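In case you want the letters, here they are:
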Amino acid sequence: MAEIITKDSEEFKKLTGWIKKAGKSVEDATARIRPTVADEHYMTGDDVCAMLHISRRTLQTLRDEKLVPYTTIGGGELLYPESSLYEVLKKNYRDFRRFRK
């Protein structure tokens with residue numbers, strides 16, 4: 001005989017929990033998607049600050065000193081080309097582990 005699944009049954013609770021997890025995973029993945037133009041991914045200032053663990057003021061200083069590349073779009077929003085940011089990081093990388101003893 002077939003068992004009836006109700007909203008109070010354990011199977012239903014497991015299924016709804018799984019659906020909620022899947023929905024959250026999709027939301028998280030969607031939030032990580034950045035716009036592309038000519039095969040370049042661009043990051044917002046908030047994304048760059050989070051990635052580099054810096055303040056918005058520090059990011060402004062890096063822009064003012066022309067240490068990080070950026071572009072502006074219509075409403076004045078600043079966008080940072082992801083690949084160029086990684087190039088700046090690679091160029092300025094210093095391995096301080098070799099100085100430890």
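Provided above is the structure to which this section pertains.
Residues numbered from 1 in each chain as written. Predicted model: local features only at pLDDT ≥ 70, side-chain atom pairs only at ≥ 80, totals over all residues. Heavy atoms only, no water.

Draft legend 1. The arrangement of the overall build of the protein chain in detail. The secondary structure content of the protein chain amounts to four helices and four strands. Each helix (α) and strand (β) of the protein chain, taken in turn from the N terminus, gives the series α-β-β-α-α-β-β-α. A compact globule built from 101 residues would reach a C-alpha radius of gyration of about 13 Å, whereas the protein chain, at 22 Å, exceeds it by more than 25%. In terms of principal-axis extent, the alpha carbons of the protein chain reach across some 75 × 50 × 25 Å. For the protein chain, with 101 residues in total, the buried portion stands at 15%. Pairs at least 24 apart in sequence give 39% of the contacts found in the protein chain among residues at least 6 apart. By element, 56% of the accessible surface of the protein chain is carried by carbon and sulfur atoms, the whole surface being about 8,700 Å². Distance between charge centroids for the protein chain: 8 Å, based on 19 positive and 16 negative side chains. (Helix = DSSP H or I, 4+ residues; strand = E, 2+ residues; numbered from the N terminus. Rg over C-alpha atoms; globule rule 2.2 N^0.38 Å. Buried < 20%, exposed > 50% of the residue type's maximum accessible area, 1.4 Å probe, protein only. Contact = heavy atoms within 4.5 Å. Areas by Shrake-Rupley, 256 points an atom, 1.4 Å probe, with all protein chains shown as cover. Lys, Arg positive; Asp, Glu negative; His and termini not counted. Charge placed at Lys NZ, Arg CZ, Asp CG, Glu CD.)

Draft legend 2. Quick peek at the layout of surface pockets. Space inside the largest pocket adds up to approximately 280 Å³. Mapped onto the lining of the largest pocket, the elements with two or more residues apiece are helix 2 (45-52) and helix 4 (82-91). Examining the composition of the lining of the largest pocket, we find that four residues originate from one element, helix 4, more than from any other. For the lining of the largest pocket, the class distribution of residues is nine nonpolar, one polar and two charged. (1 Å grid on protein atoms, 1.4 Å probe; cavity = no way out; pocket = protein on both sides within 12 Å on 5 of 7 lines; lining within 4 Å. Points joined across faces, edges and corners; volume = space filled by probe spheres on them. Nonpolar A, V, L, I, M, F, W, Y, C, P; charged D, E, K, R; others polar.)

Draft legend 3. Here's a closer look at the environment of Leu59. Examined against the element boundaries, Leu59 turns out to sit in helix 3 (residues 56-64). Residue Leu59 is classed as buried on the basis of its relative accessible area of 1%. Separated by ten residues in sequence, Leu59 and Cys49 place their C-alpha atoms 6.9 Å apart.

Draft legend 4. Representation of unusual backbone geometry in the model. Its identity as a non-glycine residue notwithstanding, His53 has a phi of 55°, on the positive side. As for its placement among the helices and strands, His53 is situated in the loop between helix 2 and helix 3. Classification of His53 by relative accessible area gives exposed; the value is 72%.

Draft legend 5. Quick look at the pattern of salt bridges. Here the structure, examined in full by the defined rule, presents three salt bridges. Taking the shortest distance from any N to any O, the salt bridge between Arg56 and Asp46 comes out at 2.8 Å. You can see Arg56 sitting in helix 3 and its partner Asp46 sitting in helix 2, a full ten residues away along the chain. When the shortest N-O distance is used, the salt bridge between Glu87 and Lys90 registers 3.4 Å. Of this pair, Glu87 and Lys90 both sit in helix 4, separated by three residues, roughly a single helical turn. (Salt bridge = Lys/Arg side-chain N within 4 Å of Asp/Glu carboxyl O.)

Draft legend 6. Main features of helix 2. Listed in full, the buried residues belonging to helix 2 are Gly45, Val48 and Cys49. Down the axis, helix 2 shows its buried residues gathered within 100° of arc, on one side only. Opposite the buried face of helix 2, by more than 90 degrees, sit the exposed residues Asp46 and Ala50. Where helix 2 is buried, its residues meet strand 2 (40-44), helix 3, strand 4 (78-81) and helix 4. Of the residues one or two after helix 2, His53 is the one with positive phi, at around 55°. (Arc of directions from axis to C-beta.)

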